Amino acid sequence: MKKSLIALAAVAVSGAAFAQSSVTVFGVVDTAVSYVNGQDNWSGLNSGGNQTSRLGFRGVEDLGGGLKANFWLEAGILADNGSGKSGYSANETSSDALAFKRRATVGLSGNFGEVRMGRELTAAYNATSRYDVFGQVGYGASKVWTDAGVNGDSTTQRVSNMVTYLSPDFSGFRANVNYGFGEDKDAQTAKSSNSASRYMGAGLTYDNGPLSLGLGLERRNDGANTGVGANAFDVNAWSLGGSYNFGVAKLAAAYRNSEAKYSIGGDKDKTKGYYVGVSAPVGAAGEVKASYNRYEINEAGAAKQKADQFALGYVHNMSKRTAVYGTYAYIKNKDGANVRLSSDVALKDGEKQHAVQVGIRHAF
Amino acid sequence: MKKSLIALAAVAVSGAAFAQSSVTVFGVVDTAVSYVNGQDNWSGLNSGGNQTSRLGFRGVEDLGGGLKANFWLEAGILADNGSGKSGYSANETSSDALAFKRRATVGLSGNFGEVRMGRELTAAYNATSRYDVFGQVGYGASKVWTDAGVNGDSTTQRVSNMVTYLSPDFSGFRANVNYGFGEDKDAQTAKSSNSASRYMGAGLTYDNGPLSLGLGLERRNDGANTGVGANAFDVNAWSLGGSYNFGVAKLAAAYRNSEAKYSIGGDKDKTKGYYVGVSAPVGAAGEVKASYNRYEINEAGAAKQKADQFALGYVHNMSKRTAVYGTYAYIKNKDGANVRLSSDVALKDGEKQHAVQVGIRHAF
Amino acid sequence: MKKSLIALAAVAVSGAAFAQSSVTVFGVVDTAVSYVNGQDNWSGLNSGGNQTSRLGFRGVEDLGGGLKANFWLEAGILADNGSGKSGYSANETSSDALAFKRRATVGLSGNFGEVRMGRELTAAYNATSRYDVFGQVGYGASKVWTDAGVNGDSTTQRVSNMVTYLSPDFSGFRANVNYGFGEDKDAQTAKSSNSASRYMGAGLTYDNGPLSLGLGLERRNDGANTGVGANAFDVNAWSLGGSYNFGVAKLAAAYRNSEAKYSIGGDKDKTKGYYVGVSAPVGAAGEVKASYNRYEINEAGAAKQKADQFALGYVHNMSKRTAVYGTYAYIKNKDGANVRLSSDVALKDGEKQHAVQVGIRHAF
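Residues numbered from 1 in each chain as written. Chains lettered and ligands numbered in written order. Predicted model: local features only at pLDDT ≥ 70, side-chain atom pairs only at ≥ 80, totals over all residues. Heavy atoms only, no water.

As annotated in an unreviewed UniProt entry, chain A is Porin from Comamonas jiangduensis. Per its UniProt entry, chain A bears the Subcellular location (unreviewed entry) comment "Cell outer membrane". (UniProt positions renumbered as here; feature names shortened; annotations may be inferred.)

Secondary structure summary: chain A contains 3 helices and 18 strands in total. Buried positions account for 54% of the 364 residues belonging to chain A. Once local pairs closer than 6 in sequence are excluded, the contacts in chain A between residues at least 24 apart make up 56%. Surface accessibility of chain A: about 14,500 Å² in total, with carbon and sulfur atoms responsible for 56%. (Helix = DSSP H or I, 4+ residues; strand = E, 2+ residues; numbered from the N terminus. Buried < 20%, exposed > 50% of the residue type's maximum accessible area, 1.4 Å probe, protein only. Contact = heavy atoms within 4.5 Å. Areas by Shrake-Rupley, 256 points an atom, 1.4 Å probe, with all protein chains shown as cover.)

Residue and element names in this part refer to chain A. Its place among the elements puts Gly38 in the loop between strand 1 (24-37) and strand 2 (41-47). Distance in space between the C-alpha atoms of Gly38 and Glu74 is 34 Å, their sequence separation being 36 residues. If near-sequence neighbours (up to four positions away) are discounted, Gly38 is found in contact with Val345, Ala346, Leu347, Lys348, Lys352 and Gln353.

All names here are of chain C. Looking at chain direction, strand 15 (residues 286-298) and strand 16 (residues 305-317) are connected through 12 bridges and run antiparallel. Across the sheet, Ile297 pairs through a bridge with Gln305, a residue of strand 16. What sits between the antiparallel neighbours strand 15 and strand 16 is a turn of 6 residues, in which Gly301 has the positive phi angle 80 degrees. Here strand 16 pairs with strand 17 (residues 322-334) via 12 bridges, running antiparallel. Residue pairing across strands places Asn317 opposite Ala323, the latter belonging to strand 17. Counting the residues in the hairpin turn of strand 16 and strand 17 gives 4 residues. (Pairing = 2+ DSSP bridges.)

This part is about unusual backbone geometry. Leaving glycine out, the prevailing phi sign among residues is negative, and the prevailing peptide bond configuration is trans. Its identity as a non-glycine residue notwithstanding, B:Asn161 has a phi of 60 degrees, on the positive side. Tracing the sequence through the fold places B:Asn161 in strand 8 (residues 158-166). Judged by relative accessible area, B:Asn161 falls into the buried class, the value being 10%. Despite not being glycine, C:Asp335 has its phi angle at roughly 55 degrees, a positive value. Residue placement: C:Asp335 occurs in the loop between strand 17 and strand 18 (352-363).

What follows is about the pattern of salt bridges. Applying the stated criterion across every chain, the model contains 46 salt bridges over all chains. Between B:Glu296 and B:Arg294 there is a salt bridge, with the nearest N and O atoms lying 3.7 Å from each other. Residue B:Arg294 is classed as buried on the basis of its relative accessible area of 18%. Put simply, A:Arg294, A:Glu296, A:Lys304, A:Asp308 and A:Lys334 are held in one network by salt bridges that share partners. (Salt bridge = Lys/Arg side-chain N within 4 Å of Asp/Glu carboxyl O.)

Moving on, we get to the nonpolar core. In a soluble, globular protein the nonpolar side chains are often hidden away together inside. Formed by 66 residues in total, the largest nonpolar core has its most connected members in A:Phe57, A:Phe100, B:Phe57, B:Phe100, C:Phe57 and C:Phe100. Residues in contact with C:Phe100, not counting those within four places in the same chain, are A:Leu55, A:Ile77, A:Asn81, A:Gly82, A:Leu98, C:Phe57, C:Leu73, C:Glu74, C:Ala75 and C:Arg119. (Core = buried A, V, L, I, M, F, W, Y, C linked by side-chain atoms within 4.5 Å.)

Residues and elements named next belong to chain A. Residue position: Gly49 is located in the loop between strand 2 and strand 3 (54-64). Counting along the chain gives 306 residues from Gly49 to Ala355, while the straight-line C-alpha distance between them is 12 Å. Discounting residues that sit within four places of it in the chain, Gly49 has contacts with Asp30, Val137, Gly138, Tyr325 and Gln357.

On to the environment of A:Ala329. Residues and elements named next belong to chain A. Mapped onto the elements, Ala329 comes out in strand 17 (residues 322-334). Under the relative-accessibility criterion, Ala329 is labelled buried at 0%. Separated by 17 residues in sequence, Ala329 and Leu312 have C-alpha atoms that sit 6.4 Å apart. Every residue in contact with Ala329, bar those within four places of it in the chain, is listed here: Tyr139, Gly140, Phe310, Ala311, Leu341, Gln353, His354 and Ala355.

Attention shifts here to a nonpolar patch on the surface. Residues and elements named next belong to chain A. A cluster of nonpolar residues, Tyr35, Val282, Val288, Leu312, Tyr314, Tyr328, Val356 and Val358, forms a patch on the protein surface that exposes about 650 Å² of accessible area. Breaking the nonpolar patch down by element, the ones donating at least two residues are strand 16 (305-317) and strand 18 (352-363). Looking at where Val282 falls in the secondary structure, it is placed in strand 14 (residues 268-282). (Patch = residues over 30% accessible without salt bridge, like charges linked within 9 Å, V, L, I, M, F, W, Y side chains within 5 Å.)

This is the structure we're talking about:
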């Protein structure tokens, strides 16, 4: 009798749970007090110093026979002023309201792996950017995966209109492939460059105990809708990274190479990025982390430019979901480079910038 | 004791359920790989081949005595790129972000029927568009309810600022009535045409076992905010439809007549639409469907134009919520008509267009 | 055994509840049929006659040791047409889509009180605007807290980029303080007026049984991004209010004084607002309320202007969440004032306006 009662209660509960379980509402609200010291100083409140603020809706349905359907809708938000963050790449228009520009996918998974369609982070980006100890947010974020912010070359971290295949896990190996339709209608119908805006990429990863390795390969054909005009360019990039967890600390490193070839003249803009990072637990709830990045920019017809970025961070986890954190970053440019921690503040002596932020991150 | 324990558990559960039950988060993510063959070819990812992608929030509160309050907020989304789909009619501005442009209503229901206020699909549209076996989405969607896309005459499927009355069920009969305030302030305050943008419509339906019938009647007074300028027009439309479920297959048919009368000169743009459709179960999980549409367009001062649209579809239901589907559609224009399956691709030989899409639809 | 079974059921339930409880989805859908009589007449559907229509996501996490983390994301909506309501102040851009412009905060609370960061209503506004029996929405809303709508002086009810401290309750006393970063980058980096757009304010409240008192103090430094141009101004305002609940009725009163000083010339725009209100229960479910407001406007270089606003309302609560309501308001201007109930309709004889609305409010 005991059993049956518990079972009944469980059924009732799971009945309730099932009705709810088709959607999980999740998100992050992360806000930091920030200060930037450059040619001038700036202070204010920023969104996303530890994790990007967001709101999302996701769910998984068990179809039986090992098959599952899933969906994921995720919108960026600016937690300091309540705006949405709907623009993320050159191909998407921006607004101050909510849109699922971080991710909008529907997928089917099974023994064969997973097939997904829609907009999301690319496999090439995911394969190696995961080694950034600052998680690609805040002043400590590595700019290796965004070509050091070089104009026109900014890598497409997220791509719309993609069909994605994710392989099953083969003894720690995984291969993920993206194909993004080049939906530029003018280019397609004019038959002049059917590949305009087309994206192709792959991420290969190996994860086994303390060791993690990743390789990212990608090619983007840029068409008329990039704003570059007649002189469009194709971007080829590859990245390699890895980390090893020694227990007392985790070491990580990555390298990324990106080339943008212009359609007229064939000139190339090249960027290389080097990253090393370390993170270590401090007590039961703390984590300290540090990183060094070097950016080398070689734009067509210009001298080679360099910049070095250092970052130091501390995160105190009050729970799995809530943390307070502090980040300090410093960047130094050479040979005329103009890579900034905050694009709103000019470099000191045309070279340097310091930035600090202290914030709260709450995930739900 | 058994009983009381179960009761206690049930109370606890319903307590939890109640706390949640005031809001249901629901939606659809539907994405398809699409190909259009016309004067040129186009391929890409589309949102909503089987059901329009959306995210919504709705709830019902029992007020006692048979009275219930309800609300419904529903936003369209473009699941291929994550954008919102906030613009649906000529009177609403568009953006790429989330807005409850599919439906935003609050209502009270009881023995008397239901009174609702806000924005939603009109009763006239609902009464007969429900016979479209392609559910008014994707390349197979009938254009009977959108005046074959004729410029300026596009019917208002959704109307804002409406007060709606929905009757109870009388032996299968239902009558729903909409009144949409013409909120054009310039027109109202100038007293010149207080009815500008006003919408009036009704839907009468009869549903009894295998038989379903519907009649839609509507009138829209267009004012200054339609972009038509000084020469505004009033649209009168009516539609009649029905279906019969023979078990092995369900047959459906509909006819719609729309006239737009210009305020200056009194000329009329007329469109007629004929629709027949059939759907049939295939095995336990499949459904095949086909439709034929004829559009006749008679614009003021122009020769009568015609177009024929054929569509064939298959839906494989993996569960109640998830399906994979494929749709093929073909359109042929005559006498200078320019009705397209995809507005982005020109007609082949000025006449024809083929389109195919294969996708996944997941509802939550 | 009884106990353990109940406990098990309870655990199972709270397990389910916990999984859900990190986010509460909440909101209001409030729509009213409205009529305005002025120089001309206007009728239509309005959103928010009793409570502002909204959709929000909020949650609280218990961190142990009396410490709690919380977040709150709240977006305004226009329930009559489904649009979002993303613009609320001069510093925020508007759009017709969803954005968390009503509130976007993350906070930590404990014995020390609470620290919050982000965008929300200011403490100064909250301290006294709460005495408005019409809750600052609909035609009955007092304009005391918006400087009677005087151009350029519109008070900032909500401010972005704020750090807020809320004290614990000391025998009914509470002190809340806001500091809003003036993030105007041009002003900051030019070092000319680092305080541009900076906001500072405080709200002091005392609540003890039937008695409630509030004091609001605020100062806003307006910079280049207010659209006022070179001649910026600083706004200083203070308000005092209180209410006493006699049981048969609750009496409330408030006074607000606002001065905007121009940076060039030093001229001042001044507004004073007087408010008295009363609300009384009628039967088990009803509430009748009435208010009188006087606005005195003294713009630099212009004669003193005055306006009197009367409002009468009835709310019938069908449940805690759902109500039907009716509001009547009347405004009379003197000495050239142009304060309106509806900005879309001109004043009758340049002086008067009547407005009525009847609606449904449903909270979830």
